[in-house]
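Here is how the chains run, residue by residue.
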Amino acid sequence: MASILPAGTTAPDFTLRVTPDQNLSLSELKGKPVILAFYPADWSPVCGDQLALYNEVLPEFRKYNAELMGISVDGVWCHEAYVEARRLHFPLLADFNPKGAVAKSYGAYRESDGVCERALFVLDDKGVIFWSYASPIAVNPGADGILDALEKMKEGDGSHVDTQSSSHAA
Amino acid sequence: MSTLKAPLTPRDHVLGPLTAPVTMVEYGDYECPHCAAAHPIVNLVLEHFGNNIRFVFRHFPLSQIHPHAEAAAESAEFCGSSGRFWEMHDGIYENQDQLGLPLLLTLVSALGLSEAAVREALVNGTYLPKVKSDFIGGVRSGVNGTPTFFINGRRHDGSFAFSDLVHSVKENMQIRMPV
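Rules and cut-offs
Residues numbered from 1 in each chain as written. Chains lettered and ligands numbered in written order. Predicted model: local features only at pLDDT ≥ 70, side-chain atom pairs only at ≥ 80, totals over all residues. Heavy atoms only, no water. Helix = DSSP H or I, 4+ residues; strand = E, 2+ residues; numbered from the N terminus. Rg over C-alpha atoms; globule rule 2.2 N^0.38 Å. Buried < 20%, exposed > 50% of the residue type's maximum accessible area, 1.4 Å probe, protein only. Contact = heavy atoms within 4.5 Å. Areas by Shrake-Rupley, 256 points an atom, 1.4 Å probe, with all protein chains shown as cover. Lys, Arg positive; Asp, Glu negative; His and termini not counted. Charge placed at Lys NZ, Arg CZ, Asp CG, Glu CD. Arc of directions from axis to C-beta. Polar contact = N/O pair within 3.5 Å; in protein donor to acceptor, adjacent residues only side chain to side chain. Buried area = accessible area lost by both parts, 1.4 Å probe. Salt bridge = Lys/Arg side-chain N within 4 Å of Asp/Glu carboxyl O. Nonpolar A, V, L, I, M, F, W, Y, C, P; charged D, E, K, R; others polar. Core = buried A, V, L, I, M, F, W, Y, C linked by side-chain atoms within 4.5 Å. Phe/Tyr/Trp six-rings, centres within 6.5 Å; stacked < 30°, edge-to-face > 60°. Lys NZ or Arg CZ within 6 Å of the ring centre and 35° of its normal.

### Re the overall build of chain B
And step 1. Per the secondary structure count, chain B includes seven helices and five strands.
And step 2. Its helices and strands taken in sequence order, chain B reads β-β-α-β-α-α-α-α-α-β-β-α from the N to the C terminus.
And step 3. Here chain B has a C-alpha radius of gyration of 16 Å; the compact-globule value for 179 residues is 16 Å, and the two agree.
And step 4. Taking the principal axes of its C-alpha atoms as reference, chain B extends roughly 50 × 30 × 30 Å.
And step 5. Every one of the 179 residues in chain B was classed for burial, and the buried ones make up 55%.
And step 6. Summarising the internal contacts of chain B: among those between residues at least 6 apart in sequence, 75% fall at separations of at least 24.
And step 7. Within the structure as shown, chain B displays about 7900 Å² of accessible surface, and the carbon and sulfur contribution to it stands at 55%.
And step 8. Across chain B, the 13 positively charged side chains and the 18 negatively charged ones have centroids separated by 10 Å.

### Regarding helix α5 (residues 115–124) of chain B
Residues and elements named next belong to chain B.
And step 1. Residues of α5 that are buried include every one of Val-118, Ala-121 and Leu-122, and no others. Projected down its long axis, α5 shows its buried positions confined to an angular sector of 100 degrees, all on one face. Opposite the packed face of α5, turned more than 90 degrees from it, sit the exposed residues Ala-116, Glu-120, Val-123 and Asn-124.
And step 2. Buried-residue contacts for α5 involve α2 (69–80) and α4 (101–110).
And step 3. Between the side-chain oxygen of the N-cap and the backbone nitrogen of Ala-116 there are 3.3 Å, and the N-cap of α5 in question is Ser-114.
And step 4. Downstream of α5 by one or two residues, Gly-125 has phi in the positive range, about 65 degrees.

### Regarding the interface of chain B and chain A
And step 1. Every contact between the two is made by 18 residues of chain B and, on the other side, 21 residues of chain A.
And step 2. If you sort the residues of chain B by the area they bury against chain A, B:Gln64, B:Arg140 and B:Asn144 come out on top, with a joint share of 43%.
And step 3. A salt bridge links A:Asp148 to B:Arg140, with the nearest nitrogen and oxygen atoms 2.8 Å apart.
And step 4. Per element, the largest residue contribution to the side of chain B that touches chain A is four residues, and it comes from helix α6 (residues 128–140) of chain B.
And step 5. Looking at the side of chain B that touches chain A residue by residue, the classes come out as nine nonpolar, six polar and three charged.

### Thoughts on the nonpolar core
And step 1. In terms of nonpolar packing, the biggest core is built from 43 residues, with B:Met24, B:Tyr30, B:Val45, B:Met88 and B:Ile92 touching the most fellow members.
And step 2. Considering every element that reaches this core, the biggest residue donor is helix α1 (residues 33–49) of chain B, with eight residues.
And step 3. When neighbours within four sequence positions are excluded, B:Tyr30 is seen to be in contact with B:Phe57, B:His59, B:Ala72, B:Ala73, B:Ala76, B:Phe85, B:His89, B:Ile92, B:Tyr93, B:Gln96 and B:Leu99.
And step 4. Counting residues in hydrophobic clusters, the runner-up holds 38 residues, among them A:Tyr39, A:Phe130, A:Leu150 and B:Phe135.

### Some details on the packing of aromatic side chains
And step 1. Within this structure, the stated rule accounts for 17 aromatic pairs over all chains.
And step 2. With a centroid separation of 5.1 Å and 70 degrees between ring planes, the pair formed by A:Tyr106 and A:Phe121 is classed as edge-to-face. Residue A:Tyr106 is found in the loop between α3 (101–105) and β6 (109–110), and its partner A:Phe121 is found in strand β8 (residues 118–123); the two are separated by 15 residues along the sequence.
And step 3. A:Tyr106 gets classed as buried once you look at its relative accessible area, which sits at 0%.
And step 4. Ring geometry for A:Trp131 against A:Tyr133: centres 5.9 Å apart, planes inclined by 5 degrees, an arrangement best described as stacked.
And step 5. Note on A:Tyr133: relative accessible area 5%, which makes it buried.
And step 6. Feature note: the residues B:Tyr30, B:Phe55, B:Phe57, B:Phe85, B:Trp86 and B:Tyr93 constitute an aromatic cluster, connected by ring pairs.
And step 7. Here the basic side chain of A:Lys104 rests over the ring of A:Tyr109, its NZ or CZ set 4.8 Å away from the ring centre.

### Regarding the pattern of salt bridges
And step 1. Applying the stated criterion to the full structure yields 13 salt bridges over all chains.
And step 2. The closest approach of N and O atoms between B:Asp12 and B:Arg58, which form a salt bridge, is 2.8 Å. With B:Asp12 in the segment before β1 (13–15) and B:Arg58 in strand β3 (residues 53–59), the pair connects residues that are 46 residues apart, well separated along the chain.
And step 3. Accessibility expressed as a relative area gives 3% for B:Arg58, which makes it buried.
And step 4. One connected set of salt bridges, linked through shared partners, spans A:Arg110, A:Asp113 and A:Glu117.

### With respect to the environment of A:Ala149
Residue and element names in this part refer to chain A.
And step 1. Tracing the backbone through its elements, the reader meets Ala-149 in helix α4 (residues 144–155).
And step 2. Accessibility expressed as a relative area gives 2% for Ala-149, which makes it buried.
And step 3. The spacing of Ala-149 and Ser-135 is 14 residues in sequence and 16 Å in space, taken between C-alpha atoms.
And step 4. Apart from residues lying up to four places away in sequence, Ala-149 is in contact with Val-122, Phe-130 and Trp-131.

### What to know about unusual backbone geometry
And step 1. Cis peptide bonds are those with omega within 30 degrees of zero, and the linkage from A:Asn97 to A:Pro98 qualifies with -5 degrees.
And step 2. Along the chain, A:Pro98 turns up in the loop between β5 (92–94) and α3.
And step 3. Here the bond from B:Thr146 into B:Pro147 is cis, since omega is -10 degrees, no more than 30 degrees from zero.
And step 4. Backbone geometry places A:Trp43, a non-glycine residue, at a positive phi of 75 degrees.
And step 5. Tracing the backbone shows A:Trp43 in the loop between β3 (34–38) and α1 (45–63).

Here you go:
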């Protein structure tokens, strides 16, 4: 498993396609917490469950004013079809060209398979990683870690939680 | 190890005696095909352990991909307010292929409860807070899909095959029995 960027690191900025004719830059989201969910592929069953779950948990994320972004190496048209089919209410970003470049900058690219790892990052309102977590690729990491991080961040002790590896999960 | 963060409350639907050494909590979605497949297996597990197991069902509807799941959960809660939760619960899973408002109304009438009252409860979202609170408790406990089981508070990460569930329950009873 790749070594993902740990808590305390400034999140690398990026600009990615979010729809066929729109880009989104991470820097545009400064001032609010951001959740980045890297996942291997649209349509694959585990991701489906993971993104379907986050779709339902969105109102909770929004209580913390947090923005959720899904990121995979799928192209914009694929994302568009997937968002529509699953009625997703958050954006999916296409880390498509050059393939996986953003995932690589977060240490969340799986070279052997050419896909993103299943990795989560919670960024604070200044764009610094507050919490990160890499899940085994076939395991849906759930949303509890994200909510715990958002809650701790809101309590505002200012200290970064930690970066967890999969050994913590199971 | 994910653990159940939402303790049992009087609002929970519980089968089996308080004294049972094992409590199994299921987070389920009435429109989820896996949950429907697990339903008869859960019943076999409960039968197998008799008074040694207590069972709690909580709602975890993925309403964006399962458009009837939330109404089904609210209808079950409606029946629960008249002490008929489990009959409705069984009725929904056993007829999941027909799930929709007509089925929910038919089941409610078959239990001798008022169709008009359940319609009103659905329109007003009377039982939605209970359903949402189940859901959020599940999310905070690490439920990542349905069905998810917690056995004595620890998430069961095996399958819902009879043998896997029985094995997990037995481990919690700390009794060595031949599988």
